Amino acid sequence: MMENKKALISIKNLKMYFPIKKGLFGRQVSYVKAVDDVSFEIMKGETLGLVGESGCGKTTTGRTIIKLYEPTSGEIIYDGVDIAKFTPNQMLPYRKKMQMIFQDPYASLNPRMTVADIIGEAIDIHKLMTGKERMERIHYLLNVVGLNSEHANRYPHEFSGGQRQRIGIARALAVQPEFIICDEPISALDVSIQAQVVNMLEDLQRDFGLTYLFIAHDLSMVKHISNRVGVMYLGKMVELAESNELYTKPLHPYTQALLSAIPIPDPDEAMSKKRIVLEGEIPSPIDPPPGCRFKGRCKYAKPICSEQDPVFKDVGGGHMVACHLY
Ligand code: SF4
């Protein structure tokens, strides 16, 4: 549950464009608009789920917030301070507050480093502690994520996928962050392990007062953990609402289609449920034409949808949607 209603992070009109250079002299001709004018807030103690198909800009949004990319424009207000244009030096104190857990724990752990060195690296970079105190902290973190001190001197290849993700989580916790971007942290894990990792992330959030941005490619993965969920499509946020509201009253045709694709365990209920099959191709994010980006796949599209970008607006009780139907 959310501790209070104060925003830890406010994203305002965030744009992340990647230039494509073509021609003999690398003349810049166009942009991939990976994140295009996105605004939302993440409250202290909240988990905000961020969902969309591959290429929708959700991971780029996460990486831009944490400044792994330099934003093209817009504001990233962290606890009252706009860090969007901060230099690497100015970012140093924020690197400790903001951490990231990655999708593929194996690729994100250096195979030549022991678990102790992987977890201790961030402690060393931020000069938090040394010697016995540092080692005690590493052992403590291993216990916190359900491993034990004996694992400290082993290498990543000696662990299962679920255990490696636990090591990744211990590494993120090492510097006592406030905010963690969980970038598809369970997508690569067996279904039987996914619930364990989600439950552990919830326990850690409660115990350490953490705030999460939880990125996933389908709505079923974020349902359990998120207080609110945002849906992205081709660089735009198209809908954002409290989880229950979004799952029971989805407004945007794209959200409705994503929800209809979630498998239902009850066979009777599943029989009565109609799956919305999306037709048409996802358009290219390179210089997209004006109007709603979903128009080529939307059965409700009308002339205005090709002419004007729908405004992302509150249609009641904090339920935000960008669609000309509302
Ligand atoms: Fe469909 Fe138009 Fe709404 Fe886009 S704005 S989702 S095309 S109805």
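Residues numbered from 1 in each chain as written. Predicted model: local features only at pLDDT ≥ 70, side-chain atom pairs only at ≥ 80, totals over all residues. Heavy atoms only, no water.

- Going by the annotation in an unreviewed UniProt entry, the name recorded for the chain is Oligopeptide transport ATP-binding protein OppF (TC 3.A.1.5.1), with Caloramator australicus RC3 given as the source organism.
- UniProt, in the comment section headed Sequence similarities (unreviewed entry), describes the chain in these words: "Belongs to the ABC transporter superfamily." (UniProt positions renumbered as here; feature names shortened; annotations may be inferred.)

**Focus on the packing of aromatic side chains**
Move 1: Tallied over the entire structure, the rule returns 7 aromatic pairs.
Move 2: Grouping aromatic residues by their ring pairs yields a cluster made of Tyr78, Phe86 and Tyr94.
Move 3: Positioned above the aromatic ring of Tyr94, the side-chain terminus of Lys97 is 5.9 Å from the ring centre. (Phe/Tyr/Trp six-rings, centres within 6.5 Å; stacked < 30°, edge-to-face > 60°. Lys NZ or Arg CZ within 6 Å of the ring centre and 35° of its normal.)

**Quick notes on the nonpolar core**
Move 1: Core analysis: the biggest nonpolar cluster contains 56 residues, and Ile169 and Leu219 have the highest contact counts within it.
Move 2: Excluding residues that lie within four positions of it along the chain, Ile169 makes contacts with Ile101, Val145, Val197, Met200, Leu201 and Leu204.
Move 3: If you look at the next biggest cluster of nonpolar residues, it comprises 30 residues, including Ile9, Ile42, Leu48 and Leu50. (Core = buried A, V, L, I, M, F, W, Y, C linked by side-chain atoms within 4.5 Å. Buried < 20%, exposed > 50% of the residue type's maximum accessible area, 1.4 Å probe, protein only. Contact = heavy atoms within 4.5 Å.)

**Brief notes about the site of the ligand**
Move 1: The environment of the ligand is made up of His252, Pro253, Cys292, Phe294, Lys295, Cys298, Tyr300, Ala301, Cys305, Cys323, His324 and Leu325.
Move 2: Its residues assigned to classes, the shell around the ligand shows 9 nonpolar, 2 polar and 1 charged. (Near = heavy atom within 4 Å. Nonpolar A, V, L, I, M, F, W, Y, C, P; charged D, E, K, R; others polar.)

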